[in-house]
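# An overview of the molecular structure
The residues making up each chain are set out below.
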Amino acid sequence: MTKDQGSNWLFDEFAHAGDEHLDPTYVRTYDRKAGTDPTADVALLRDLGLDTRATLVDLGAGTGAFALAAARFSGSVVAVDVSSAMLANLRAKLERLGSTNVTCVRAGFLTYQHAPETADFVYSRNALHHLPDFWKALALERIAAMLRSGGTLLLRDLVFSFAPGDAASTIEAWLAAAPPTSDHGWTRAELETHLRDEYSTYSWLLESMLERSGFEITSVSHSPSKVFGAYTAVKR
Ligand SMILES: C[S@@+](CC[C@H](N)C(=O)[O-])C[C@H]1O[C@@H](n2cnc3c(N)ncnc32)[C@H](O)[C@@H]1O
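Cut-offs applied
For every chain, the first residue of the written sequence is number 1, and numbering continues from 1 along that sequence. It should be noted that, the model being predicted, local features are given only for residues of pLDDT at least 70 and side-chain atom pairs only at 80 or more, the latter also being counted only at that level, while totals for whole chains, interfaces and linings use all residues. Where helices and strands are cited, they refer to DSSP runs of H or I of at least four residues and of E of at least two residues respectively, numbered from the N terminus. Only the C-alpha atoms count toward the radius of gyration. The rule for a globule is 2.2 Å times the residue count to the power 0.38. Three classes are used. A residue is buried when 20 or more other C-beta atoms lie within 10 Å of its own, exposed when 12 or fewer do, and partly exposed in between, with C-beta atoms placed from the backbone. We call two residues in contact when the distance between their C-beta atoms, placed using the backbone, is within 7 Å. Remark: nonpolar core denotes a set of buried Ala, Val, Leu, Ile, Met, Phe, Trp, Tyr and Cys residues whose joining runs through C-beta atoms within 7 Å. Any residue whose C-beta atom, as placed from the backbone, lies within 6 Å of a molecule or strand is termed near it. Each residue gets one label: Ala, Val, Leu, Ile, Met, Phe, Trp, Tyr, Cys and Pro are nonpolar, Asp, Glu, Lys and Arg are charged, and the others, such as Gly, are polar. Here, axes are lines fitted to C-alpha atoms. For helices the fit covers the stretch in contact, and angles between N-to-C directions go from 0 to 180 degrees. Working rule for handedness: look at the near helix, and if it is turned counterclockwise from the far one by less than a right angle, call the crossing left-handed; if clockwise, right-handed. Being paired, for any two strands, means DSSP has found at least two bridges between them. Seen with its strands pointing away from the viewer, a crossover is right-handed if its path from the first strand over the helix to the second goes clockwise.

## Some details on the overall build of the chain
The helix and strand inventory of the chain stands at eight helices and eight strands. Rg of the C-alpha trace for the chain: 17 Å, near the compact-globule value of 18 Å for 236 residues, within the 12% margin. In terms of overall dimensions, the chain has a C-alpha envelope of 45 × 40 × 40 Å along the principal axes. Of all 236 residues assigned to the chain, the portion counted as buried reaches 32%. Long-range contacts, defined as pairs at least 24 residues apart, comprise 68% of the intrachain contacts of the chain with a sequence gap of at least 6.

Here's what the structure looks like:
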């Protein structure tokens, strides 16, 4: 679905990317703040068959910590993000490292075009929450359409595994554990912005969306805080 097809009602994912993600100054600090170690996710995908013949798509790739690490073991990687600033940061790293099997595409969950059923793996971490649930369901259908049958989605995000009635106490405990400064993590104020202005959802809603989009969920893990979730899902 694109605006060209007359969809005036299409969600503007560039306008909902999170202002900070579009800001080159913020992006310069992102790797230190996020402190991402992609080792375990790369190892998991290798266990699931990622190899030098595989095509992997990273949706909401950001500065590419995962895409770069996965590229060492993949045939090709497509790093997709709506933010030019994020992609510029990743392109600079690719140039520095001389990596030749990573393609950067400025697009989003709802606009990235991939040849049907040709991806072996799709990865997405901490990005799907930028879409409201109506659009998450469409994004997951689009992901299923790009994966070959038997292809794998590894989806990580802020996903709430507490009951709605426990929201106040669970969220308060999470916010209370936030670091005092934003150098190496997300402060209470930043997490409050996330809760107020972005679209993290409940695990039971996300799981239903995954299943309805044609995935079999093969593994689920929730953080002890009940705020983060990870799903491995195979396209049926
Ligand atoms: C919190 S960062 C996560 C980046 C990276 N995946 C990581 O784990 O470090 C969220 C990323 O999602 C991107 N993003 C926001 N909305 C998006 C959308 N609709 N489609 C694709 N990417 C999106 C942002 O530009 C940003 O780079």
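## Points about the nonpolar core
Proteins that are soluble and globular tend to have nonpolar side chains buried together. Membership of the largest hydrophobic core comes to 53 residues, with the highest contact counts inside it found for A67, A70 and V122. Those residues in contact with A67, other than ones at most four positions away along the chain, are D58, A61, V77, A79, L90 and V102.

## Side note on the site of the ligand
The full set close to the ligand counts 22 residues, and E13, G60, G62, G108 and H130 are the nearest of them. Residue composition of the shell around the ligand, grouped by class: ten nonpolar, nine polar and three charged.

## Regarding the environment of A167
If you trace the backbone, A167 turns up in helix 6 (residues 167-176). Take A167: there are 14 C-beta atoms within 10 Å of it, and that puts it in the partly exposed class. In sequence terms A167 and K226 are 59 residues apart; their C-alpha atoms lie 10.0 Å from each other.

## Some details on unusual backbone geometry
The backbone phi angle of N126 is positive, close to 55°, even though this residue is not glycine. Positionally, N126 belongs in the loop between strand 4 (119-125) and helix 5 (133-146). For N126, a count of 16 C-beta atoms within 10 Å translates into the label partly exposed. For K226, which is not glycine, the phi dihedral falls at a positive 65°. Relative to the elements of secondary structure, K226 occurs in the loop between strand 7 (215-222) and strand 8 (228-235). Here K226 falls in the partly exposed class, since 19 other C-beta atoms lie within 10 Å of it.

## Remarks on the packing of helix 5 against helix 8 (residues 203-212)
Direction vectors running N to C along helix 5 and helix 8 enclose 35°, while the axes themselves pass 9 Å from each other. In the crossing of helix 5 with helix 8, the sense of the turn from one axis to the other is right-handed. Residue-level inspection shows D133, K136, A137 and L140 of helix 5 in contact with helix 8, the latter providing L205, M209 and L210. Looking at the contact of helix 5 with helix 8, its residues break down into five nonpolar, no polar and two charged.

## Some points on the environment of Y231
Among the structural elements, Y231 can be located in strand 8. By C-beta crowding, Y231 is classed as buried, having 22 other C-beta atoms within 10 Å. The sequence separation of Y231 and V220 amounts to eleven residues, and the corresponding C-alpha distance is 4.7 Å. Residues within four places of Y231 in sequence aside, it is in contact with L155, L210, I217 and V220.

## Quick word on the pairing of strand 5 (residues 147-160)
By the criterion of burial, strand 5 is predominantly enclosed, with ten of the 14 residues buried. Summarising the sheet, strand 4 and strand 5 pair through six bridges and their orientation is parallel. Paired with A119 across the two strands is L147, which belongs to strand 5. Note that the unit made of strand 4, helix 5 and strand 5 has a crossover that is right-handed. Pairing of strand 5 with strand 8 involves seven bridges; the strand directions are antiparallel. Across the sheet, L153 pairs through a bridge with A233, a residue of strand 8.

## Re the packing of helix 6 against helix 7 (residues 188-197)
At a minimum axis distance of 9 Å, the contact between helix 6 and helix 7 shows a crossing angle of 145°. For the pair formed by helix 6 and helix 7, the contact residues are I171, W174 and L175 on the first element and R188, L191, E192 and L195 on the second. Its residues assigned to classes, the contact of helix 6 with helix 7 shows five nonpolar, no polar and two charged.

These figures capture arrangement, not role.
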